[in-house]
Amino acid sequence: MSNNTIDTAMAKRMVDASAIQGASIIGQPGGWGVMLKFGVTEKPLGAQRTDQPRVWRSLDRCMDYLKTELHITRVDLLDASKHSDVSDKTTVRTDTSERMRKAHAAAAHDKWFREQVQASLDDPAPGIANEDVKQKFAAKRAALKQRIVGNKA
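Residues numbered from 1 in each chain as written. Predicted model: local features only at pLDDT ≥ 70, side-chain atom pairs only at ≥ 80, totals over all residues. Heavy atoms only, no water.

(A) Focus on the nonpolar core. Among the nonpolar cores identified, the biggest contains 17 residues, and Val34, Leu36, Leu45 and Ile72 are the most heavily contacted of them. Elements supplying a minimum of two residues to this core: helix H1 (8-16), strand E1 (22-28), strand E2 (31-38) and helix H2 (59-68). For Val34, the contacting residues outside a window of four places in its chain are Ser24, Lys43, Pro44, Leu45, Trp56, Cys62 and Leu66. (Core = buried A, V, L, I, M, F, W, Y, C linked by side-chain atoms within 4.5 Å. Buried < 20%, exposed > 50% of the residue type's maximum accessible area, 1.4 Å probe, protein only. Helix = DSSP H or I, 4+ residues; strand = E, 2+ residues; numbered from the N terminus. Contact = heavy atoms within 4.5 Å.)

(B) Here's a closer look at H1. Those residues of H1 that fall on the buried side of the exposure criterion are Thr8, Met10, Ala11 and Met14. Axial view of H1: buried residues confined to an arc of 160°, hence all on one face. Looking one or two places after H1, you find Ser18, whose phi comes out positive at around 60°. (Arc of directions from axis to C-beta.)

(C) Geometry of a nonpolar patch on the surface. Together, Trp112, Phe113, Val117 and Leu121 give the surface a local cluster of nonpolar side chains, amounting to about 420 Å² of exposed area. Summarising the element assignment, Leu121 is placed in helix H3 (residues 96-122). Look at Leu121 and you get exposed, because its relative accessible area is 62%. (Patch = residues over 30% accessible without salt bridge, like charges linked within 9 Å, V, L, I, M, F, W, Y side chains within 5 Å. Areas by Shrake-Rupley, 256 points an atom, 1.4 Å probe, with all protein chains shown as cover. Salt bridge = Lys/Arg side-chain N within 4 Å of Asp/Glu carboxyl O.)

(D) Geometry of the sheet that holds strand E4 (residues 77-79). Reading across from one edge, E3-E2-E1-E4 is the order of the four strands in this open sheet, with mixed pairing throughout. What marks the edges here is a single partner per strand, and that holds for strand E3 (41-44) and E4. Each neighbouring strand pair of the sheet contributes to a mean axis angle of 20°, computed without reference to strand direction. Bridge count between E1 and E4: three bridges; the pairing is parallel. Bridged to Ile26 within E4 is Asp79. (Pairing = 2+ DSSP bridges. Axes fitted to C-alpha atoms, helices over the stretch in contact; angles between N-to-C directions.)

(E) Representation of the packing of aromatic side chains in the model. The full count for this structure, using the stated rule, is one aromatic pair. Ring centres 5.2 Å apart and planes at 50° place the aromatic pair Trp56 and Tyr65 in the tilted group. Here Trp56 falls in the buried class, since its relative accessible area comes to 7%. We classify Tyr65 as buried; its relative accessible area is 13%. The ring of Tyr65 has Arg54 sitting right over it, with the charged end atom 4.4 Å from the ring centre. (Phe/Tyr/Trp six-rings, centres within 6.5 Å; stacked < 30°, edge-to-face > 60°. Lys NZ or Arg CZ within 6 Å of the ring centre and 35° of its normal.)

Written out as structure tokens, the structure is:
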């Protein structure tokens, strides 16, 4: 377990055990963080796989996360005094939109491909034997080669 933050899995266990006594949403450069209170101690909710505090750009998403993931519906404090939309710690990834566009295109192609395969499997028409297809395309290749040779002469 991390020393500086509480990860989501631990926070869920603590909520289930009624060990979390309060939650605060604290504004900071770049978004909103969550402080969880247990006993006399407060620790920030951590990001996955790091010991860094998790930051949400949207207050709505932060609150939605608390409600849906941690089942915390009451916030003791909302401090926006240090909030700004611009982060002082993160760099903007200019390639993100292109990466996301490619991921969406790949997902759309995968969906289309699966639909085509399923339509083919559902088609009641009889299939074509592999040998017949090989002969047909061999004849097409031969005709194409013949045309190419005829054009060179």
